[in-house]
Amino acid sequence: MGRGKIKHLFPGGNTSVGFFSYYSNIIDLTRATRVFVIKGGPGVGKSTFMRRIGDEMTERGYDIEHHHCSSDNGSLDGVVIPAFGIALIDGTSPHVVDPRYPGAVDEIINLGEYWDEEKLRGSREQILEDSNLLGQLFPAAYSQLAEAKAKIARDDAEGCVAACMDFFGVNKITLDLIGEITGGLRGSGKSSLKRHLFCSAITPDGVKHFIESLLDGIEKIYLIEGRPGSGRSCLVEKIAWEAQLRGLDTEVYHCAFEPQKVIL
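Residues numbered from 1 in each chain as written. Predicted model: local features only at pLDDT ≥ 70, side-chain atom pairs only at ≥ 80, totals over all residues. Heavy atoms only, no water.

Here's the deal with the side chain of Asp90
How we decide: Only DSSP runs of H or I with at least four residues qualify as helices, and only runs of E with at least two residues qualify as strands; both kinds are numbered from the N terminus onward. Relative accessible area decides the class of each residue, using a 1.4 Å probe on protein chains only: under 20% of the type maximum gives buried, over 50% gives exposed, and in between gives partly exposed. We treat Lys and Arg as the positive residues and Asp and Glu as the negative residues; His and chain ends play no part in the count. A carboxyl oxygen of Asp or Glu within 4 Å of a side-chain nitrogen of Lys or Arg is what we treat as a salt bridge. Any pair of N or O atoms that falls within 3.5 Å is considered a polar contact. Within protein, one atom must be able to donate a hydrogen and the other to accept it, and sequence-neighbouring residues count only if both atoms are side-chain atoms. Whether two residues are in contact is decided by their heavy atoms: any pair within 4.5 Å suffices.
Relative to the helices and strands, Asp90 is located in strand E7 (residues 86-90). Buried and without a salt bridge, Asp90 has Lys46 as its closest oppositely charged side chain, separated by 4.3 Å. Within the structure, Asp90 has its side chain in polar contact with the side chain of Thr92 (distance 2.6 Å). Setting aside chain neighbours within four positions, we find Asp90 in contact with Ile38, Lys46, Met50, Leu76, Asp77, His95 and Val97.

Focus on the nonpolar core
Quick reminder of the rule: As used in this record, nonpolar core signifies buried Ala, Val, Leu, Ile, Met, Phe, Trp, Tyr and Cys residues forming a set joined through side-chain atoms within 4.5 Å.
Listed in full, the 11 residues of the largest apolar core are Tyr23, Ile26, Ile27, Ala32, Val35, Val37, Val80, Ala87, Ile89, Val97 and Val105. Among the elements of the structure, strand E4 (34-39) and E7 are those that each provide at least two residues to this core. Apart from residues no more than four positions distant in its own chain, Ala32 is found in contact with Ile27, Gly85 and Val105.

Some thoughts on the packing of aromatic side chains
The criterion, for reference: Centres within 6.5 Å are what make two rings of Phe, Tyr or Trp a pair, Trp counting through its six-membered ring; a difference in plane orientation under 30 degrees is then read as stacked, over 60 as edge-to-face, and the rest as tilted.
This structure, assessed with the given rule, holds six aromatic pairs. Relative to Phe198, the ring of Tyr22 lies with its centre 5.3 Å away and its plane at 50°, an arrangement referred to as tilted. Here Tyr22 is found in the loop between strand E3 (18-21) and E4, whereas its partner Phe198 is found in strand E9 (residues 194-198), with 176 residues between them in sequence. As far as the burial class goes, Tyr22 and Phe198 line up, both buried. Ring geometry for Tyr62 versus Phe84: centroids 4.8 Å apart, planes at 50°, classification tilted. Highlighted residues: Tyr62 in the loop between helix H1 (46-59) and strand E5 (64-69) and Phe84 in the loop between strand E6 (72-81) and E7, separated in sequence by 22 residues. Looking at Tyr62, the relative accessible area reads 25%, which means it is partly exposed. Using a relative accessible area of 35% as the deciding quantity, one classes Phe84 as partly exposed. Ring pairing ties together the aromatic residues Phe20, Tyr22 and Phe198, which thus form one cluster.

A short note on the sheet that holds E6
Short version of the rule: Note on pairing: two strands pair once DSSP finds at least 2 bridges between them. Angular values range over 0 to 180 degrees, each being the angle between N-to-C directions of two axes fitted as lines to C-alpha atoms, with helices fitted over their stretch in contact.
Spatial ordering of the open sheet is given by E1-E5-E6-E7-E4-E8, a layout of six strands whose pairing is mixed. Each edge of the open sheet is held by one strand with a lone partner, namely strand E1 (6-9) and strand E8 (106-110). Strand-to-strand twist across the sheet, computed as the mean angle between neighbouring axes with direction ignored, equals 25°. As judged from the five bridges shared by E4 and E7, these two strands associate in the parallel manner. Note that in E7 the partner of Arg34 across the bridge is Ile86. Set on the sheet, H1 makes contact with E1, E4, E5, E6, E7 and E8; between it and E6 the angle comes to about 50°.

Quick look at the layout of surface pockets
Selection rule: A cavity here means a set of points on a 1 Å grid, drawn over the protein atoms and nothing else, where a 1.4 Å probe fits but cannot get out; a pocket is an open set with protein on both sides within 12 Å along at least five of seven lines, and a residue lines either one if it has an atom within 4 Å of a point. Grid points are joined across faces, edges and corners, and a volume is the space filled by probe spheres set on the points. Only Asp, Glu, Lys and Arg are considered charged in this grouping, and only Ala, Val, Leu, Ile, Met, Phe, Trp, Tyr, Cys and Pro are considered nonpolar; every other residue, Gly among them, is considered polar.
Computed from the structure, the second largest pocket encloses a volume of approximately 1200 Å³. For the second largest pocket, the lining is made up of 37 residues, of which Pro42, Ser71, Asp72, Ser93 and Leu134 are closest to its centre. Of all the elements in the fold, those that place two or more residues in the lining of the second largest pocket are H1, E6, helix H3 (124-155) and strand E10 (200-203). For the lining of the second largest pocket, the element with the most residues is H3, which contributes 10 residues. Residues of the lining of the second largest pocket, tallied by class, amount to 17 nonpolar, 15 polar and five charged.

Observations concerning the environment of Gly41
With respect to the helices and strands, Gly41 occurs in the loop between E4 and H1. Taking the C-alpha atoms as reference points, Gly41 and Trp115, 74 residues apart in sequence, are found 9.2 Å from one another.

A look at a nonpolar patch on the surface
Selection criterion: Residues with no salt bridge and a relative accessible area higher than 30% make up the patches, which join like charges within 9 Å and nonpolar side chains (Val, Leu, Ile, Met, Phe, Trp, Tyr) within 5 Å. Using a 1.4 Å probe, accessible areas were evaluated by the Shrake-Rupley method; residue-level cover was limited to the displayed protein chains.
Together, Ile211, Leu215, Ile218, Ile221, Leu223, Ile263 and Leu264 give the surface a local cluster of nonpolar side chains, amounting to about 600 Å² of exposed area. Tracing the sequence through the fold places Leu264 in the segment after strand E12 (250-254). Overall, Leu264 belongs to the partly exposed group, its relative accessible area being 33%.

Some details on the pattern of salt bridges
For side chains bearing opposite charge, pairing can occur when the charged atoms are close. Counting across every chain of the model gives 14 salt bridges. In this structure, Arg31 and Asp28 form a salt bridge, with 3.8 Å as the shortest nitrogen-oxygen distance. In this structure Arg31 comes out as partly exposed when scored by relative accessible area, which is 40%. Here Glu180 ties to Lys220 by a salt bridge, and the two come within 3.0 Å at their closest N and O atoms. Of the two residues, Glu180 sits in helix H5 (residues 167-182) while Lys220 sits in the loop between helix H6 (211-215) and helix H7 (232-245), which places them 40 residues apart along the sequence. Residue Lys220 is classed as exposed on the basis of its relative accessible area of 53%.

A few points about H7
What counts is decided by this rule: Helix span, expected: 1.5 Å multiplied by one less than the number of residues in the helix.
Across its 14 residues, H7 extends 20 Å between first and last C-alpha, which sits within 8% of the 20 Å expected from 1.5 Å per residue. Considered for burial, the residues of H7 that qualify are Ser233, Leu235, Ile239, Ala240, Ala243 and Gln244. Summarising the contacts, the buried residues of H7 are in contact with H5, E9 and E12. Count one or two residues on from H7 and you reach Gly247, which has phi positive near 85°.

This is the structure in structure tokens:
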């Protein structure tokens, strides 16, 4: 067995409407066999702990998912091993996660039990200062993103484009694509899974994306072109919805800036 592949994505994002979370889509708890919720403050090694387990699994030939942190893209918020239905998830702020099915599916691992409290108390003032600064900077950043969205809304011609569109024609293309993609597949009667996530994020290092890792191994790709307001996002959503009705699992990826819009 060769080395497994790694899919890179973001479960949450710093968007124009603030921090937007799709953490509930990291793994479907009804299909999961085990979910390890990792607790502990910043710097206790949660990301390193998850990464090392993921690296070991890829060495053994299993595909895994790296769920990156949008506030620190060098860190991980989660690692998923789909073949076993296992996930390791950072359960600390700002995306507090607690067990939903304690013992049956979820288990808490508290790395905070291993920190040196005496050393931490010695850095008390610096820790308080840094924490307070973060509490000020994040709201300021979200405010700037909201202002950027307002400016774009004033400047772009999305409304004009929508007013000039032949959506009857767009709907026809959508129906043709649905028929081509699903191949006439009828409803299977099984419950389908629809995951919502991000493949890009606005981070402290700028905009980062992992689209390449999502397309690795894909046999056919459809490129949907059109200006804002032309119905691209709606087209993709309709196809995903129809595929789900036929019992197919789907993954829907949202815009890092405007999380309500679908891009993939």
